[in-house]
Amino acid sequence: MMDGGSEIGRMRSDRAHTAADDCEIARLRDEVDVVDARLESLFEERMDAVARIAARKQARGARVFDADREREKLASVASRADLRYADSTASFFEALMGLSRQYQRLMIEDSLEAAVGSEGSACSPKAAGPIYGLVGRSLSHSYSPVLHALLGRYPYHLFEVEPDELESFVRGGSYAGLNVTIPYKEAVMPLCDDLSSAARAIGCVNTIVRASDGSLYGDNTDYQGFSYMLDASGVRIAGAKALIVGAGGASKTARAVLEEKGAREVAVVSRSLDGGIEAADRHYDADIVVNTTPVGMYPHCPASPIDLLPFCTTGETRQGYADGLSAVFDVVYNPVRTGLLLQAEKLRIPHAGGLSMLVAQAKRASELFQGAALSDDVVEAAAACVERRMRNVVLIGMPGAGKSTVGSCVARLMGRRFVDVDEFVADEAGVSVEALFASRGEEAFRRLESEAIARLGCESGLVIACGGGVVTRPCNYDFLHQNATIVWVRRPLGLLAVQGRPISRARGVEALAQERYRLYEAWADAAIDNDGAVEDAASSTVDAVDAHMRKEQERRWRMMEDAQAGCMRFW
């Protein structure tokens, strides 16, 4: 049996040791804090230097990201590191360089946004001088004015002309440079006095520059745009079979680029060729599908020129060939996700829309207009700026969750137009939603709701508040997802308003929540809580939208960096 005095002595000794340990731990933590403070200062110093490097590179049109230098840097760090920390040191510097790249790109984005200015329209001329613009037949929803406002400070206009007016406009117009879009890319070729080798080889022109002597020089910057799109995806083209849908100017460009990059076969199907679009069934062994038609472009969305499912289920068994598609590309950029890309997403096929191609070709056109090189880094930065401006913000959630109140506040914060789908349906029908339910029933209301969402979902730059039951019809998801970031507005069931909401009163909020919560979660790109001030919920929504788009952008950046580093790790 242990003596009581000995036990007390041991306890005192343990407490003394514990106190000493606590003191030593506190002292060591103080040392770590001192080191951390030095690291914070060094990190800020490093980022300041990174910013200066980015500014200088951007000023002379050089690429900010240098994959070779980063690989050399990591190898050098690894060779010097203490063996105990070698792996951790390499990971630390890899993460540090990733943060540097992100900061540089955000700088480029901010400088582009600042050039446009937060006040006024990006379509407005920024300075007096030569006039530039886009010529086509239907241009009301073109992104080009915003895009060129990001790339250069010159007046840029939209010129809608009819076919019988094209020659007189191109020959006699008082412009210094033009972009050309459908249906005139081939028609303007004979109107040019000189053509680039790319324009001659491809057989169409999308950029015209007026020389000092008045002569017209035609070029095809779509070649650089489509090439950038493929390179940024990281998809290996060499040895692949590609199927191009469409036989117009964009098709010729895509074919030239694919062949230059080593595609083993390039097949083309079109309404204007033998067999029509249906001839696609002869090419289910294709590895890559490229849509170069306007099918699926605003406002006829989300239409698709072909069905992708047969390409994924042909049972390809030849040695060296893989069943299914390795990638789907669509040169259409409005909406962000065409019908073709929506299907590719559901089938989990790597895919990319035409925005990066649009920006890359515009970057090259802007260089021709200004006579100065621009950094390749502005392509992703400008694409991110345009996409942020054009994407809708869609709010979903339970009836009475405050979507309309929060949405109108979000619209004010973002300087956008707000649309309440229930009010839109009621205005179209000429009666209230409650009256619609009472006189025609829920199913009739749901059809009208889907029709409204189909019209609103393909628009750009809106804030849209949906009714609580929007998720009960699967077709509504494609209508909304094609051009939006979808945010779930969550609110405690006890705080949900039921006045004026016939479904909530008839069935009860608990039953609705049990049925719909899983759908809200599945549809949403982000979620926010609306259980306090409306302004806080609106601010959280804007933050959530920005965070989601940043995440998507970072994924694209990583994809590009992998491609440049030779990893070819798409998706």
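Residues numbered from 1 in each chain as written. Predicted model: local features only at pLDDT ≥ 70, side-chain atom pairs only at ≥ 80, totals over all residues. Heavy atoms only, no water.

Remarks on the sheet that holds strand β16 (residues 526–529)
So, point 1. Pairing within the open sheet is parallel, and its 5 strands lie in the order β13-β14-β12-β15-β16. A single partner strand is all that each edge strand has here, and the edge strands are β13 (417–420) and β16. Averaged over all pairs of adjacent strands, the angle between their axes in this sheet comes to 25°, without regard to strand direction.
So, point 2. Here strand β15 (residues 484–490) pairs with β16 via 4 bridges, running parallel. (Pairing = 2+ DSSP bridges. Helix = DSSP H or I, 4+ residues; strand = E, 2+ residues; numbered from the N terminus. Axes fitted to C-alpha atoms, helices over the stretch in contact; angles between N-to-C directions.)

Looking at unusual backbone geometry
So, point 1. Cis rather than trans, the peptide bond between Ile-182 and Pro-183 has omega equal to 10°.
So, point 2. Following the sequence through the fold, Pro-183 ends up in the loop between β3 (177–180) and β4 (194–195).
So, point 3. The peptide bond linking Asn-334 to Pro-335 adopts the cis configuration, its omega dihedral lying at 15°.
So, point 4. Note that Pro-335 resides in the loop between β10 (327–330) and α10 (339–346).
So, point 5. We note that Arg-348 has phi near 60°; this positive angle belongs to a residue other than glycine.
So, point 6. Secondary-structure assignment places Arg-348 in the loop between α10 and β11 (351–352).

Describing the packing of aromatic side chains
So, point 1. This structure, assessed with the given rule, holds 12 aromatic pairs.
So, point 2. Note on Phe-437 and Phe-445: the rings are 4.9 Å apart at their centroids and 35° apart in plane angle, and the pair reads as tilted. In terms of burial, Phe-437 and Phe-445 fall into one category: buried.
So, point 3. Centre to centre, the rings of Trp-488 and Tyr-520 are 5.8 Å apart; their planes meet at 35°, and the pair counts as tilted. Of this pair, Trp-488 sits in strand β15 while Tyr-520 sits in helix α19 (residues 509–523), and the two are 32 residues apart along the sequence. With respect to burial, Trp-488 and Tyr-520 carry one shared label: buried.
So, point 4. Here the aromatic residues Tyr-132, Tyr-154 and Phe-369 are joined through ring pairs into a cluster of three or more. (Phe/Tyr/Trp six-rings, centres within 6.5 Å; stacked < 30°, edge-to-face > 60°. Buried < 20%, exposed > 50% of the residue type's maximum accessible area, 1.4 Å probe, protein only.)

Side note on a nonpolar patch on the surface
So, point 1. Together, Val-35, Leu-39 and Leu-42 give the surface a local cluster of nonpolar side chains, amounting to about 250 Å² of exposed area.
So, point 2. Along the chain, the position of Leu-39 falls in helix α1 (residues 4–59).
So, point 3. For Leu-39, a relative accessible area of 42% translates into the label partly exposed. (Patch = residues over 30% accessible without salt bridge, like charges linked within 9 Å, V, L, I, M, F, W, Y side chains within 5 Å. Areas by Shrake-Rupley, 256 points an atom, 1.4 Å probe, with all protein chains shown as cover. Salt bridge = Lys/Arg side-chain N within 4 Å of Asp/Glu carboxyl O.)

So, the packing of helix α4 (residues 144–151) against helix α11 (residues 355–370)
So, point 1. Relative to each other, α4 and α11 sit at 55°, their axes nearing to 10 Å. Relative to α11, the element α4 is oriented oblique. Note that α4 runs across α11; the crossing there is right-handed. Contact residues: α4 offers Ser-144, Leu-147, His-148 and Leu-151, while α11 offers Leu-358, Val-359, Ala-362, Lys-363, Ala-365, Ser-366, Phe-369 and Gln-370.
So, point 2. Looking at side-chain class alone, the contact of α4 with α11 contains 7 nonpolar, 4 polar and 1 charged residues. (Parallel < 35°, antiparallel > 145°, perpendicular 65-115°, else oblique. Left-handed = near helix turned anticlockwise from the far one by under 90°. Contact = heavy atoms within 4.5 Å. Nonpolar A, V, L, I, M, F, W, Y, C, P; charged D, E, K, R; others polar.)

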